[in-house]
Amino acid sequence: GTVAVQLDYVIPSYRDLRNAGFVFAELRDTWLKQGGKTVVTRSVLKSHQRYLRTVGFQADANDPTVFRRPVSPAS
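Now for a look at the structure at hand. Every value quoted in this text rests on a predicted model; they were computed, and no experiment measured them. (Residues numbered from 1 in each chain as written. Predicted model: local features only at pLDDT ≥ 70, side-chain atom pairs only at ≥ 80, totals over all residues. Heavy atoms only, no water.)

## Focus on the side chain of Q49
- Topologically, Q49 is positioned in helix α2 (residues 46-54).
- A polar atom in the side chain of Q49 sits 2.7 Å from the backbone oxygen of S43.
- Ignoring sequence-local partners within four residues, the contact set of Q49 consists of S43, V44, P64, T65 and F67. (Helix = DSSP H or I, 4+ residues; strand = E, 2+ residues; numbered from the N terminus. Polar contact = N/O pair within 3.5 Å; in protein donor to acceptor, adjacent residues only side chain to side chain. Contact = heavy atoms within 4.5 Å.)

If you want it as structure tokens, here you go:
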């Protein structure tokens, strides 16, 4: 039930959260149909970790470099 993704940076002019919204909106149904319940990624960069938190990820209690976000059904 886990979808592992590698998230990368975009140039500053595209750092307005639209990319994350697009990815989650476009892939949500696919992930849910495949049994995905959680998206997991890893980051050691503080600025990237802030971005992940902004788009709904939470740091793992046991490993602060691992971030998880539920795959939520469309509302």
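There's plenty left to go through after this.
## Description of the sheet that holds strand β1 (residues 2-4)
- Strands sit in the order β1-β2-β4-β3 across an open sheet of four strands; the sheet is mixed. Pairing within the sheet leaves two strands with one partner each, and these edge strands are β1 and β3 (58-59).
- Sheet topology note: the β1/strand β2 (residues 38-42) ladder contains three bridges and is parallel. The residue bridging T2 from the neighbouring strand is T38, located in β2. (Pairing = 2+ DSSP bridges.)

## As for the pattern of salt bridges
- Under the criterion given, the structure shown has two salt bridges.
- For R42, the salt bridge identified is with D63, shortest N-O distance 3.1 Å. Taken together, the residues R42 in strand β2 and D63 in the loop between β3 and β4 (66-70) connect sequence positions 21 residues apart.
- Residue class for D63 comes out partly exposed when judged on its relative accessible area of 25%.
- The residue R68 makes a salt bridge to D60 at a minimum N-O spacing of 3.1 Å. (Salt bridge = Lys/Arg side-chain N within 4 Å of Asp/Glu carboxyl O. Buried < 20%, exposed > 50% of the residue type's maximum accessible area, 1.4 Å probe, protein only.)

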